[in-house]
Amino acid sequence: MNEKFEKVVMIGLGYIGLPTAALMASKKFNVLGVDINQSVVDTINDGLIHIVEPDLSGIVKDVVTKKTLRASTQPDFADVFMIAVPTPFKEGFQPDISYVEKATRAVIPFLKDGNLFIIESTSPVGTTKKMTEIIFSERPELKDKIYISYCPERVLPGKVIYELEHNDRVIGGINPESAAITREFYRKIVSSNLYLTNSQTAEMCKLVENSSRDVSIAFANELSMICEQANINVWELIELANKHPRVNILTPGTGVGGHCIAVDPWFIVADYPKEAKLIRSAREINSYKTLWVIERVKNAILTFVATHKRTPKVAFMGLAFKPNIDDLRESPAIQVVEAIQTAKMDATFLVVEPNLYTARETHYLNVDLVDYNEAYAAADIVVFLVGHKEFLDLAQNENQLELDFCGIRK
Ligand SMILES: NC(=O)c1ccc[n+]([C@@H]2O[C@H](COP(=O)([O-])OP(=O)(O)OC[C@H]3O[C@@H](n4cnc5c(N)ncnc54)[C@H](O)[C@@H]3O)[C@@H](O)[C@H]2O)c1
């Protein structure tokens, strides 16, 4: 069925690479998943998963049992090579494409005539061309013999399996032939629309999508800070404003986290610093919102101590970067908890994250997690940092002070 693209190597088996590899394996591709992390490889080869993503564990177990998915630390020869490794930023918010480069260099010895090489990692404009140059400088005989494209991922953590198949995709080829072959490949996996363009436009498209979200969230976050000054309930305000048929204000929060929206706009700012004024401001507003939250929590603790003459128990409700997931990357909630802990205030802390068994497994925070019901019952001050569904049912206790930064009580 998949003769032309029968064997696929997926480099990077994280939140994007593993579900994509598993989905392809479920569609009878012969998939080799490659990760530099040996424990990730071992976990997958045991038919288990190392991330929380609904519906993923069953598929991985099935395809590993059927041997259509196998994991390794080393690539091998294949028909299609896909790259889904991290693209963080380094100091000064400069994009770090070293993971993409290392992954590309790792597959270069295995490339052969007719192969398809696809970058899925979110990348600064020009990355695909840079990787193309690296490939052809190492293997000049492959020039015009392999197909190279950029095809960014748009999935929502928590709905990855559905969205992988059903989201429209943008495919940017280094030439029209590459784009066309790449479409043929994705057609076997994706049932939605596939739009072809060049690699730079596809790279910019991904960055712009996340920057657009960042700007919209910054507007909501700015409103939340203005409303506090104006003594207006921001949740009510937004609900009323959204009754306008052409207005759709998003929900304010603790800030913006995750590996995409909090990171990708900087890739545009880094390359176009003079032009990207709104994009930069949005990033700054969303980062500032987290500092604003920290100040509110500190003030609440100081006021409690001054009023009650005792040490308050403070429950931090949620650590993930958004509701109903376990992903802590760039999470503003983590930033808040860390800042309050290091401020050495007269308070004891109960940290809650219902999507994780232990915070230690995350390596992000040195705390023991507490059950959310227990923490809520014991706390003098409850700080809602993430709008997890579990918190929506907590009956309000009038003896507690609640700081709601994510609209649990809206
Ligand atoms: N997570 C999302 O929701 C999402 C959505 C859209 C796009 N993206 C983009 O997709 C890319 C991957 O993101 P992710 O969330 O899957 O990252 P992740 O951190 O969950 O996974 C990346 C994996 O790559 C592995 N890795 C790193 N370098 C490697 C190398 N040289 N060879 C083999 N494996 C290597 C890591 O060990 C890790 O397991 C990033 O560019 C990200 O911006 C992510």
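Predicted, not measured: the structure shown is a model, and the values here were computed from it.

## So, the domain arrangement of the chain
Item 1. In terms of domain boundaries, the chain breaks down into domain 1 (3–201) and domain 2 (253–404).
Item 2. The C-alpha-based centres of domain 1 and domain 2 are spaced at 33 Å.
Item 3. If you look at the interface, domain 1 gives 16 residues, while domain 2 gives 16 residues.
Item 4. Along the contact surface separating domain 1 from domain 2 lie zero salt bridges.
Item 5. Taken together, the connections running from domain 1 to domain 2 amount to one residue pair in polar contact (both at pLDDT 80 or more).

## A short note on the nonpolar core
Item 1. Counting residues in hydrophobic clusters, the biggest one holds 41 residues, and the most contacted among them are M24, I44, L69, M82, F185 and Y186.
Item 2. Of all the elements, helix α1 (residues 17–26) adds the most residues to this core, at six residues.
Item 3. Apart from residues lying up to four places away in sequence, M82 is in contact with V8, V9, M10, I11, T20, M24, I118, E120, F185 and Y186.
Item 4. Judged by nonpolar contacts, the second largest core, of 33 residues, contains A333, L356, V367 and I381.

## Comments concerning the sheet that holds strand β7 (residues 116–119)
The strands making up a sheet associate through backbone hydrogen bonding, with each pair oriented either parallel or antiparallel.
Item 1. The eight strands lie next to each other as β3-β2-β1-β4-β7-β8-β9-β10, forming an open sheet whose pairing is mixed. Both outer strands of the open sheet, β3 (69–72) and β10 (194–198), are each paired with one neighbouring strand and no more. Pairs of neighbouring strands in the sheet enclose a mean axial angle of 25°, with direction left out of account.
Item 2. Note: strand β2 (residues 30–34) against β3, four bridges, orientation parallel.

## So, the packing of helix α5 (residues 127–138) against helix α8 (residues 199–230)
Packed helices, taken two at a time, are described by their axes: the angle between them and the distance between them.
Item 1. Closest axis-to-axis distance for the α5/α8 pair is 8 Å, and the angle between their directions is 135°. As far as their axial angle goes, α8 and α5 are oblique. Contacts between α5 and α8 involve T127, T128 and K129 from the first element and S199, Q200 and E203 from the second.
Item 2. Among the residues making up the contact of α5 with α8, the classes are represented as no nonpolar, four polar and two charged.

## Some thoughts on the environment of L328
Item 1. Mapped onto the elements of the fold, L328 is located in the loop between β11 (313–317) and α12 (332–342).
Item 2. Among the residues examined, L328 registers a relative accessible area of 4% and is labelled buried.
Item 3. On a C-alpha basis, the gap between L328 and L356 in space is 10.0 Å, while along the polypeptide they are 28 residues apart.

## Points about helix α3 (residues 56–65)
Note that an α-helix has 3.6 residues per turn; residues three or four places apart therefore point the same way.
Item 1. Within α3 the residues assigned to the buried category are L56, I59, V60, V63 and V64. Seen from one end, α3 has its buried residues packed into an arc of 125°, which puts them on one side. Opposite the buried face of α3, by more than 90 degrees, sit the exposed residues K61 and T65.
Item 2. Against the buried residues of α3 lie α1, α2 (38–45), β3 and α6 (160–166).
Item 3. At the exit of α3 stands K67, carrying a positive phi of roughly 65°.

## What to know about the packing of aromatic side chains
Item 1. Tallied over the full model, the rule gives eleven aromatic pairs.
Item 2. Judged by centre distance (5.0 Å) and plane angle (75°), the rings of F89 and F93 are edge-to-face.

## Overview of the site of the ligand
Item 1. Surveying the vicinity of the ligand reveals 24 residues, the closest of which are I16, D35, T87, T122 and H259.
Item 2. Backbone polar atom of Y15 to an oxygen atom of the ligand: 3.0 Å apart, as the coordinates give it.
Item 3. One of the side-chain nitrogen or oxygen atoms of D35 is found 2.6 Å away from an oxygen atom of the ligand.
Item 4. In isolation the ligand exposes 830 Å². Once the protein is present, 90% of that is buried.
Item 5. Looking at side-chain class alone, the shell around the ligand contains 13 nonpolar, seven polar and four charged residues.
Item 6. Formed jointly, the shell around the ligand draws a minimum of three residues from each of two domains, domain 1 (3–201) and domain 2 (253–404).

Analysis parameters
Residues numbered from 1 in each chain as written. Predicted model: local features only at pLDDT ≥ 70, side-chain atom pairs only at ≥ 80, totals over all residues. Heavy atoms only, no water. Domains from an automatic or database assignment. Contact = heavy atoms within 4.5 Å. Salt bridge = Lys/Arg side-chain N within 4 Å of Asp/Glu carboxyl O. Polar contact = N/O pair within 3.5 Å; in protein donor to acceptor, adjacent residues only side chain to side chain. Core = buried A, V, L, I, M, F, W, Y, C linked by side-chain atoms within 4.5 Å. Buried < 20%, exposed > 50% of the residue type's maximum accessible area, 1.4 Å probe, protein only. Helix = DSSP H or I, 4+ residues; strand = E, 2+ residues; numbered from the N terminus. Pairing = 2+ DSSP bridges. Axes fitted to C-alpha atoms, helices over the stretch in contact; angles between N-to-C directions. Parallel < 35°, antiparallel > 145°, perpendicular 65-115°, else oblique. Nonpolar A, V, L, I, M, F, W, Y, C, P; charged D, E, K, R; others polar. Arc of directions from axis to C-beta. Phe/Tyr/Trp six-rings, centres within 6.5 Å; stacked < 30°, edge-to-face > 60°. Near = heavy atom within 4 Å. Areas by Shrake-Rupley, 256 points an atom, 1.4 Å probe, with all protein chains shown as cover.

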